[in-house]
Amino acid sequence: MSRDRSGNRRALGRATTALVVLAVVIAAVGTAALLGVVGAPAVVGVENRFGEVANETTEIETDLVVNNPNPAGVALGGTTVDYTVRMNDVAMAAGTKEGLSIERGNSTLGFTTRMRNERIPAWWVTHVGNDENTTVTVDATVTASTLGNRSVSLTQEEQVETDLIGAFESEETRPVNADRALVSDPVLYVNRTTAAWGNVTDARTPIRTSFLVYNPKTIPYVVTEIGYTIAMNDIVVGRGSSDHEYVIEGRTTENVTATTAIENGRLDEWWVSHLRNDQVTELRMEFYAKIELPDGAEIRVPLDALTYERTVETDIFGTKESDDSTDAGSAGNETTTTTATPGVAGAPGDTDAGTPASGPSTATSTPTERAPSPSETEGDGGLLSGTPTPTPGDGAGGTPTPTDDGGFLSVTRPAYEMVT
């Protein structure tokens, strides 16, 4: 009987010792967690790409890579991931995900946020105002309440650059033809073109264009109107005309200016087309002029030689798949095409009166107006002359060389919603 009691006392002693040891181990693990000996999960990578694009919203699909340094996987009900995307410090999308199950080592957590396309114009204003530069900032933070509310963050940045109107700068001499019976072509020459962004507002993005025009005839012309159409992926984002008159005396040059404008309210529709076209935009600007003839008649002349085209390709998150050798992690390239093709004359509309372009020219040589000598323009030099007027030459610089650049986005108020 005494031996039984002695054995029970020893068993009870061993159980008590085990409980004490277990309590010490638990306390040690808890203390280690609080002191950071047991590692908190950390964000080690984030990858974004565009998902479904609708007329009103754009999905952003995110893969967040989280590292769990602990020896076993854990289901952390108190762990939260906060995620934001900004363009030039403008919030574009954000979200929160809670109750994560994280395996040992690296785990990829996928989730989706939605941005509202109606906020695209707000980003556009910052992009153009920042010399067509955008900084895409992605912030991801993991907070573990079971580890003393410790937070670990990761920030990534991508630079996106575009040059939408740079190649409009040209010193190539181009003829302007009326293509009408009894009218001697060319009626004018354009010896130089320039373009610069104006003061961008929430509603409009002005482009100040300038044309150095030469009249090869001996009689004066009156240019009563310059009209334009701006299209991006065949979506008209700007259309209008300037009704400022210019008198171009015979055999002289005149600087003709016109302010075109992109209507920012149309940019959300363009944005949808840009993403659906694999982040590629075809920009096209077309011009026409109304010229008053000496007999008082007015003709509308499409300025086909001034038609401006540019292909812009972007890679907003640096993860777009490419068919060429470009690295998937690069910020994307912009390809350009500047051609003179027959254009569709834009319809007249309401816009600002023309103001002189103030953007610096990229040419290093001084433009030459290249007026022909009187012997080159035989006859009366008027519109009804039977012999076409000889070309005054090819200008002073030739066709501009296209350049490669990069790419575009935005949001402010509740501009997002989380999809779990």
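Just above, that's the structure.
Residues numbered from 1 in each chain as written. Predicted model: local features only at pLDDT ≥ 70, side-chain atom pairs only at ≥ 80, totals over all residues. Heavy atoms only, no water.

A. How the structure looks around unusual backbone geometry. The residue after aspartate 185, namely proline 186, is reached through a cis peptide bond having omega -5°. If you trace the backbone, proline 186 turns up in the loop between β8 (174–176) and β9 (188–197). Located in the positive-phi region is aspartate 179, a residue other than glycine, with phi close to 55°. Tracing the backbone through its elements, the reader meets aspartate 179 in the loop between β8 and β9. In this model, arginine 251 sits at a positive phi of 55°, which is unusual for a non-glycine residue. Note on arginine 251: relative accessible area 26%, which makes it partly exposed. (Helix = DSSP H or I, 4+ residues; strand = E, 2+ residues; numbered from the N terminus. Buried < 20%, exposed > 50% of the residue type's maximum accessible area, 1.4 Å probe, protein only.)

B. Looking closely at the packing of aromatic side chains. Throughout the structure, instances matching the rule amount to twelve aromatic pairs. When the ring of tyrosine 83 is compared with that of phenylalanine 111, the centres are 5.3 Å apart and the planes differ by 85°; the resulting orientation is edge-to-face. Highlighted residues: tyrosine 83 in strand β3 (residues 74–87) and phenylalanine 111 in strand β5 (residues 105–116), separated in sequence by 28 residues. For phenylalanine 111, a relative accessible area of 6% puts it in the buried group. Each residue in the set Phe50, Trp123, Trp124, Trp197, Trp270, Trp271 and Phe317 is aromatic and connected to the rest through ring pairs, giving one cluster. A cation over a ring is seen here: arginine 300 above tyrosine 288, with NZ or CZ 3.8 Å from the ring centre. (Phe/Tyr/Trp six-rings, centres within 6.5 Å; stacked < 30°, edge-to-face > 60°. Lys NZ or Arg CZ within 6 Å of the ring centre and 35° of its normal.)

C. Structural view of a negative patch on the surface. There is a patch of like negative charges on the surface, built from Asp243, Glu245, Glu292, Asp295 and Glu298. Among the secondary structure elements, aspartate 295 is positioned in the loop between β15 (280–292) and β16 (298–302). (Patch = residues over 30% accessible without salt bridge, like charges linked within 9 Å, V, L, I, M, F, W, Y side chains within 5 Å. Areas by Shrake-Rupley, 256 points an atom, 1.4 Å probe, with all protein chains shown as cover. Salt bridge = Lys/Arg side-chain N within 4 Å of Asp/Glu carboxyl O. Lys, Arg positive; Asp, Glu negative; His and termini not counted. Charge placed at Lys NZ, Arg CZ, Asp CG, Glu CD.)

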